[in-house]
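Observations on chain architecture
The chain contents come next:
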Amino acid sequence: MNLLGNGLIFVALTATVLSAIHYYRSAVSSTQSVKSARLWLRVGAAAIVALSGLLLSLLMQHDFSNGYVYSYSSRNLPMHFLISSFYAGQEGSFLFWVLCSAVIGLALMHHTGKRKSEPWVMSVYMGVQTFLILLLYAKTPFLSVWEKVPQLPLGQLPADGSGLNPLLQNVWMVIHPPVLFLGFASMIIPFSFAILYISFSSAGV
């Protein structure tokens, strides 16, 4: 599963880079079609959704061969805290952030497509998305428990995880991080439009 997860991260990164390149080419050349950019955007978003589903599935199954699951969950956690352990650690937080921005990117693609600003806005947006996925690539939640916790005997599967930090076992843990990361991801929208208008202003358009 860890190999599958890291493979999906690579697919998402590749698709996002290709989408950004195709959008930029469409922006600078009116003869270029945005169809390829849209296709790669959807491929990248699908890979990120699959990644998120995979990590959530590992948490639900208490698969302690995964280092992230071992570090941030345990068998005695209530369901709402087990789900919120998805974004309890840095690696899961990056994945949730990328997931939010991928979903927002799909909506923004349709919005800008109707207003003839899609190539420029989405090339900036996908550039930022590429950077976020690079963070996820560097801090992947798909490491084995023996890579994550080297002091554990190699090959010996833990019977239980370390559990969620008691300070995080609060109802606000379920609500606060999703709202926070939705806000972070949403800020890419005004940033993309701002870069578009700054570029046009400096070009005297």
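Please read all numbers here as calculations on a predicted model, not as lab measurements.

1. What about the overall build of the protein chain?
- A tally of helices and strands in the protein chain yields 9 helices and 0 strands.
- When the helices and strands of the protein chain are read in sequence order from the N terminus, they spell out α-α-α-α-α-α-α-α-α.
- A buried classification covers 46% of the 205 residues belonging to the protein chain.
- Taking the contacts inside the protein chain whose residues are at least 6 apart along the sequence as the reference set, 75% of them involve residues at least 24 apart.
- Roughly 10400 Å² of accessible area belongs to the protein chain as shown, and the carbon and sulfur atoms make up 68% of that amount.
- When the 10 basic and 5 acidic side-chain charges of the protein chain are each reduced to a single mean position, those positions are 21 Å apart.

2. Thoughts on the packing of aromatic side chains
- Here the structure, examined in full by the defined rule, presents 9 aromatic pairs.
- For the pair Phe-86 and Phe-96, a centre-to-centre distance of 6.2 Å together with 75° between the ring planes defines the contact as edge-to-face. Within this pair, whereas Phe-86 is found in the loop between helix H4 (79-84) and helix H5 (90-114), its partner Phe-96 is found in helix H5, the two being separated by 10 residues in sequence.
- Judged by relative accessible area, Phe-86 falls into the buried class, the value being 7%.

3. Digging into the packing of H5 against helix H6 (residues 118-138)
- Here H5 crosses H6 at 170°, and the two axes come no closer than 10 Å. Classed by the angle they form, the pair H5 and H6 counts as roughly antiparallel.
- Its residues assigned to classes, the contact of H5 with H6 shows 15 nonpolar, 5 polar and 2 charged.

4. Considerations on the packing of helix H1 (residues 2-28) against helix H2 (residues 35-60)
- For the pair H1 and H2, the least separation of the axes is 8 Å and the interaxial angle reads 155°. With respect to H2, the axis of H1 lies roughly antiparallel. Classified by chirality, the crossing of H2 by H1 is left-handed. Here H1 contributes Leu-4, Gly-5, Leu-8, Ile-9, Val-11, Ala-12, Ala-15, Thr-16, Leu-18, Ser-19, His-22 and Tyr-23 to the contact with H2, which in turn contributes Ser-36, Ala-37, Arg-38, Trp-40, Leu-41, Val-43, Gly-44, Ala-47, Ile-48, Ala-50, Leu-51 and Leu-54.
- Of the residues assigned to the contact of H1 with H2, the class counts are 17 nonpolar, 6 polar and 1 charged.

Conventions used here
- Residues numbered from 1 in each chain as written.
- Predicted model: local features only at pLDDT ≥ 70, side-chain atom pairs only at ≥ 80, totals over all residues.
- Heavy atoms only, no water.
- Helix = DSSP H or I, 4+ residues; strand = E, 2+ residues; numbered from the N terminus.
- Buried < 20%, exposed > 50% of the residue type's maximum accessible area, 1.4 Å probe, protein only.
- Contact = heavy atoms within 4.5 Å.
- Areas by Shrake-Rupley, 256 points an atom, 1.4 Å probe, with all protein chains shown as cover.
- Lys, Arg positive; Asp, Glu negative; His and termini not counted.
- Charge placed at Lys NZ, Arg CZ, Asp CG, Glu CD.
- Phe/Tyr/Trp six-rings, centres within 6.5 Å; stacked < 30°, edge-to-face > 60°.
- Axes fitted to C-alpha atoms, helices over the stretch in contact; angles between N-to-C directions.
- Parallel < 35°, antiparallel > 145°, perpendicular 65-115°, else oblique.
- Nonpolar A, V, L, I, M, F, W, Y, C, P; charged D, E, K, R; others polar.
- Left-handed = near helix turned anticlockwise from the far one by under 90°.

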